[in-house]
Amino acid sequence: MTPIKLYPPKPDKVYFFGTCLIDMFYPQAGLDGIRLLEREGIEVLFPDDQTCCGQPAYTSGYHDEARAVAEAQLDLFPEPWPIIVPSGSCGGMMRTHYPQLFAGSSRSSQAEEVAGRIFELTEFLVHVCHVRLEDKGQPQRVAMHTSCSARREMGLAETGPGLLSQLTNVTLVEQVRASECCGFGGTFAVRHPEVSAAMVEDKTQAIESAGAEHFVTSDCGCLMNIGGRFERKRQDGQEGQVGGEHIASYLWRRTS
Amino acid sequence: MNVQTFTPQAFHRQAHDALGNPQIRSNFRRAMDGLMAKRRDAFGDWDIETLRDLGANIRLRALAKLPDLLEQLEANCQANGIRVHWAEDGEQACRIIRELCEARGARHVIKGKSMVSEEMHLNDHLEAAGIEALESDLGEYLVQLNEQTPSHIIMPAIHLNTEEISDVMHDRTGTERTIDVDYLTAAARAQLRERFMAADVGISGVNFAVAETGTLCLVENEGNGRMTTTVPPVHIAVTGIEKVVEHLRDVPPLYALLTRSATGQHVTTYFNMISGPRKPGERDGPEEVHLVLVDNGRSSIYQDNELLDTLRCIRCGACMNHCPVYTRVGGHTYGTTYPGPIGSILMPHLMGLEATKDLPSASSLCGACGEVCPVKIPIPDLLVRLRKEAVGEGRGNVEGAGVKRDRKEVLAWKGWQWLATHPGAWRAGAGVAGKFRFLSPSRLGPWTDYRTAPKPAATSLHAMVKQHRRKLEREDEK
């Protein structure tokens, strides 16, 4: 049985784990996530020594390397504050796979303890902060792509759309096969590029034919994949391509 | 129709061909969309999670007691008059079945659907001995007529649409070219009916073998299973050793899960419970019933306490139906008896990792397979586990472990590890990447064949957070 998750009351402080993809390619999404939390009256601690959760090596089968990198993150969160991760995929890695990765080792109980404090950003905003958003943006039709790890590994299919539905001027459009993977899958996109390309092509078509003017996602892997495909099609002269961004940036932009 | 041989070694080329074949793409997409919708609707009358937990527990309990249950199954089958044979591998199983056929002087064998018989290439083996084996499941029959292999474990001919089926039947059996499905089905039925009557031996699979009663359960929709197991004088059931369940009461939940997960049915048209040959005074049924229990690599999977979860599988095919990769490349692309997610975790055991090294990576780990699996096999975790075996130092439990170990890739991950465990270097690296972002390549291998390349941000999140802190502090001072 999937245990029912009981959420804690809103804390004074949280840790923020920015993820490597956001650190390198989409830092604005990270900063906007931090601002959303600060606006809820929470002090956000950003451990300066954070790097990567270790997932790329983990899913590629390099578990010793993944463990070494994960171990370096474990010590960054000494106080009992929740750890907020603006990505379902890195969040899923830390919540689900850290305990597996360190099972039977001296770090086992620490990994379990850290895993228990991991919250995905939209999950935390909805279930712990109970945010109320005031939309200041223009009317827009938006498609949400929830990442597979947020949806299935973390069980968070509803939190992203829930936040968007608070934005009164935003119409959330319905895509065909919304729960289907966009084809990113980390190194999958490199090892099986043609299959991945067929998947992301279908995803961009689904978003477009849903009549979306914009798409948001809570995972930068999906954003890089779907956004990169839209941009490529635009460069190739195909009309009507849709722009996208991380949900944290979209929420911050429309409510600040 | 073209006869094509598929191998797991050629996964990439076969995927390329399938992706470029609009007929394959639309046949699978349409069929899988339909199957997913049917499954969703069929579980409407159950608390699906409770039922999946029950299914998983039944299978786990059976596996935990596997050696004992197999002995119990053998004893109870023998008591029922079912003769039990053990085969260590496919070859031995083929030999046992051939010898049973030869002992009866059999020339014509009719087969119900059995994936294990596909796994051991039974038809080829019998044919080489001059025994004709004809498939009687409609999909299997079409695939056999077309000299192909099944592209799906439940719906073997799902890669063919009605026009293609009409062509195959016209070319091979002389039926009219038509898309009238009723006509085609009736024609196949008439063709098969004659063959049932003429068959010397019937060979079927088994869905559940019940240890406590020695009963073989067979789930089907066409009645071909009932015919195969009752009309010919000899019935040979062949199955993997993992198909055993402990109690008769374990069957209804597994059956409910199987039919709903596979085809979205609440019940199938036929559910056969075979408990022995014809008894004196009975009017029908075979004179002999045999059960061939095949290991073929399963007991080696059983030795590994993670990978053994693979053996929970009840062969519903839901993981294929929901897999975005399978849906796009189709079953033949995998080049293995069992395609799709379950195939990618099972075939490395049956064929070794050398031959199947591209299968565990052929998944985005989206988790759809694990989410729908009726017995909760953690398929994504096992895919990762096999990736680990493939790139490891060759000490794993799977034959061919270490086959994908590549010195350059190991070095790359070691380099990544060093950077990600030296935060100062990491931050400096991000700074350099940002400063020289104009130098970042616009082509990044296959990624940029379809997408633009991501550009490093001018300022990393680390640096942005520092600026943000300073700003907040200044505001505080005011």
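Conventions adopted
- Residues numbered from 1 in each chain as written.
- Chains lettered and ligands numbered in written order.
- Predicted model: local features only at pLDDT ≥ 70, side-chain atom pairs only at ≥ 80, totals over all residues.
- Heavy atoms only, no water.
- Patch = residues over 30% accessible without salt bridge, like charges linked within 9 Å, V, L, I, M, F, W, Y side chains within 5 Å.
- Areas by Shrake-Rupley, 256 points an atom, 1.4 Å probe, with all protein chains shown as cover.
- Salt bridge = Lys/Arg side-chain N within 4 Å of Asp/Glu carboxyl O.
- Lys, Arg positive; Asp, Glu negative; His and termini not counted.
- Charge placed at Lys NZ, Arg CZ, Asp CG, Glu CD.
- Helix = DSSP H or I, 4+ residues; strand = E, 2+ residues; numbered from the N terminus.
- Buried < 20%, exposed > 50% of the residue type's maximum accessible area, 1.4 Å probe, protein only.
- Pairing = 2+ DSSP bridges.
- Axes fitted to C-alpha atoms, helices over the stretch in contact; angles between N-to-C directions.
- Contact = heavy atoms within 4.5 Å.
- Domains from an automatic or database assignment.
- Buried area = accessible area lost by both parts, 1.4 Å probe.
- Polar contact = N/O pair within 3.5 Å; in protein donor to acceptor, adjacent residues only side chain to side chain.
- Nonpolar A, V, L, I, M, F, W, Y, C, P; charged D, E, K, R; others polar.

## Points about a negative patch on the surface
Residue and element names in this part refer to chain B.
And then number 1: Residues E473, E475, D476 and E477 make up a contiguous surface patch of negative charge.
And then number 2: Topologically, E473 is positioned in helix 23 (residues 461-477).
And then number 3: The partly exposed category is assigned to E473, whose relative accessible area is 47%.

## Observations regarding the sheet that holds strand 1 (residues 82-87) of chain B
Residues and elements named next belong to chain B.
And then number 1: Pairing is parallel across the open sheet formed by six strands, whose spatial order is 1-10-7-4-2-3. Across the chains shown, the open sheet's two edge strands, defined by having one partner strand only, are strand 1 and strand 3 (132-135). With strand direction ignored, the average angle separating the axes of adjacent strands in the sheet is 25°.
And then number 2: Inspection of the sheet shows strand 2 (residues 108-111) paired to strand 4 (residues 201-204) by three bridges, in the parallel sense. Across the sheet, residue K111 finds its bridge partner in strand 4, namely I203.
And then number 3: This element, helix 4 (residues 66-79), spans strand 1 and strand 10 (288-294) of the sheet and lies at about 145° to strand 1.
And then number 4: Along the sheet face, helix 5 (residues 90-103) touches strand 1, strand 2, strand 4, strand 7 (234-240) and strand 10 and points at about 145° away from the line of strand 1.

## Digging into the domain arrangement of chain B
And then number 1: Partitioning chain B into structural domains gives domain 1 (46-300) and domain 2 (408-477).
And then number 2: For domain 1 of chain B and domain 2 of chain B, the distance between their C-alpha centroids amounts to 57 Å.

## Examining the domain arrangement of chain A
Residues and elements named next belong to chain A.
And then number 1: Entries for chain A in the domain assignment read domain 1 (13-128) and domain 2 (140-255).
And then number 2: On a C-alpha basis, the centres of domain 1 and domain 2 stand 22 Å from each other.
And then number 3: Of the roughly 2200 Å² buried between domain 1 and domain 2, counting both surfaces, carbon and sulfur atoms make up 66%.
And then number 4: The largest per-residue losses of area from domain 1 upon contact with domain 2 belong to Y26, R39 and T122, which jointly make up 22% of the total buried on that side.
And then number 5: At the boundary of domain 1 with domain 2, the tally comes to zero salt bridges.
And then number 6: At the junction of domain 1 with domain 2, the criterion picks out 10 residue pairs in polar contact (both at pLDDT 80 or more).
And then number 7: Taken together, the elements giving at least two residues each to the side of domain 1 that touches domain 2 come down to helix 1 (20-24), helix 2 (27-39), helix 5 (88-101), strand 4 (118-120) and helix 7 (121-128).
And then number 8: Top contributing element to the side of domain 1 that touches domain 2 by residue count: helix 5, with eight residues.
And then number 9: Grouping the constituent residues of the side of domain 1 that touches domain 2 by class yields 12 nonpolar, 12 polar and six charged.

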